Amino acid sequence: MEDDTLLHFANFSTLVLCMVLKFPQIFVLMRAKSTTGVSLNSLLLELTGFIVFVRYQMYYDYPPPTYLEYPILIAQDVMLLLLVLHYNGNLKQGLLFALVFVGGWHVLAINKWIIDLAMSLCTFISAGSKFAQLQCLWASKDSGQVSALTWAMATYTCMARIFTTLVTTGDTQVLIRFIVMTLLNTWVTATVMYYRPKSAKKQD
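In every chain, residue numbers begin from 1 and rise along the written sequence. Local features are withheld for residues below a pLDDT of 70 in this predicted model, meaning they are given only at 70 or higher, and side-chain atom pairs are given and counted only at 80 or more; totals for whole chains, interfaces and linings count all residues. To obtain the side-chain values, all non-hydrogen atoms of the structure were used and water was disregarded.

A. Molecular detail of the packing of aromatic side chains. Paired rings are identified among Phe, Tyr and Trp, the last through its six-membered ring, by centres lying within 6.5 Å, and are further divided according to the angle between planes into stacked (under 30 degrees), edge-to-face (over 60) and tilted (the rest). Evaluated as defined, the whole model comprises 11 aromatic pairs. Centroid distance Tyr56 to Tyr62: 6.1 Å. Interplanar angle 75 degrees. Geometry classified as edge-to-face. Relative to Tyr195, the ring of Tyr194 has its centre 5.0 Å away and its plane inclined at 75 degrees; by these criteria the two rings are edge-to-face. By the ring-pair criterion, three or more aromatic residues cluster together here, those being Phe50, Phe53, Tyr70 and Phe178. Throughout this description, the term charge over a ring refers to an Arg CZ or Lys NZ atom that lies within 6 Å of the ring centre and within 35 degrees of the ring normal. Stacked on the ring of Phe53, the Lys or Arg Arg177 has its end atom at 4.7 Å from the ring centre. Its end group placed over the ring of Phe178, Arg177 keeps NZ or CZ at 5.6 Å from the ring centre.

Structure follows, in structure tokens:
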């Protein structure tokens, strides 16, 4: 009974947070009209990881509450991607990225070995997105346009998904992914805080 209550809370809190998870980052970019410190490669890799993960969950008919937030995150990432491309002056590339992602979505479900292979690489893809963001922060030494709140919320949702995965599917690949993502999201959050402009720190 207690596990059921915790499971419902973990699913609900994760879904609620993910409904607004990218909004702080979106608002920061819209206000600054600059993408300094925000990695385009990180965003593209994250979108790829999200798409593979959702397709895998759907392919094996896993309970929707264990991955329901990901379509919402994908929609928010698309908005974020368009903003980054816009402020970088490369908005036309959005059409190319859309074709690649839509085509990839359909290719993933053609055969079982394709989706299994993609999922086995998903952790590396998602980890790559975090390292790309870290590299961008290390290079710019400026996290003024990067939202620490977004990364902190992402850390919590991954921690919650470790619990829900253990209680429901017990899928080892999914579990490893969430553990790695929790550690890397924590690292990015700490790095964002470290490189925050002094004026922002004083306001806090």
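B. Here's a closer look at the pattern of salt bridges. Salt bridge, as used here: a side-chain nitrogen of Lys or Arg that lies within 4 Å of a carboxyl oxygen of Asp or Glu. Taken as a whole, this structure holds 5 salt bridges when the rule is applied. A salt bridge links Glu69 to Arg161; its shortest N-O distance comes to 2.7 Å. Residue Glu69 is found in helix α4 (residues 69–87), and its partner Arg161 is found in helix α7 (residues 148–167); the two are separated by 92 residues along the sequence. Grouping residues by exposure puts Glu69 and Arg161 together as buried. Notably, a salt bridge pairs Asp116 with Lys112, separated by 2.7 Å at the nearest N-O pair. Remark: Lys112 and Asp116 occur in helix α6 (residues 112–140); sequence separation between them is 4 residues, near one turn of the helix. Only protein chains enter the accessibility calculation, which uses a 1.4 Å probe; a residue is then buried when its area is under 20% of its type maximum, exposed when over 50%, and partly exposed in between. With relative accessibility at 43%, the residue Lys112 sits in the partly exposed group. A single network of salt bridges, built from pairs that share partners, joins Lys22, Glu46, Asp77 and Lys130. Under the DSSP-based scheme used, a helix requires at least four consecutive residues in state H or I and a strand at least two consecutive residues in state E, with every element numbered from the N terminus.

C. Seen up close, the environment of Asp4. Here Asp4 is to be found in helix α1 (residues 2–20). Judged by relative accessible area, which is 41%, Asp4 ranks as partly exposed. The sequence separation of Asp4 and Val167 amounts to 163 residues, and the corresponding C-alpha distance is 8.9 Å.

D. Representation of the packing of helix α3 (residues 40–59) against helix α5 (residues 93–108) in the model. Whenever a helix is involved, its axis is fitted only over the stretch in contact; in every case the axis is a line through C-alpha atoms, and angles between N-to-C directions fall within 0 to 180 degrees. Orientation of α3 relative to α5, taken along the N-to-C sense of each, is 25 degrees, at an axis distance of 10 Å. Our classification of the angle between α3 and α5 gives roughly parallel. Where α3 crosses over α5, the two elements pack in a sense that is right-handed. Every residue of α5 that contacts α3 at Leu44, Leu47, Thr48, Ile51, Val52, Val54, Arg55 and Met58 is listed here: Phe97, Phe101, Trp105, His106 and Leu108. Amino acids are sorted into nonpolar (Ala, Val, Leu, Ile, Met, Phe, Trp, Tyr, Cys and Pro), charged (Asp, Glu, Lys and Arg) and polar (every other residue, Gly among them). For the contact of α3 with α5, a count of residues per class yields 10 nonpolar, 2 polar and 1 charged. Convention used here: angles under 35 degrees read as roughly parallel, angles over 145 as roughly antiparallel, angles from 65 to 115 as roughly perpendicular, and any remaining angle as oblique. Take the far helix as the reference: if the near one is turned anticlockwise from it by less than a right angle, the crossing is left-handed, and if turned clockwise, right-handed. Residue contacts are counted whenever heavy atoms from the two residues lie within 4.5 Å of one another.

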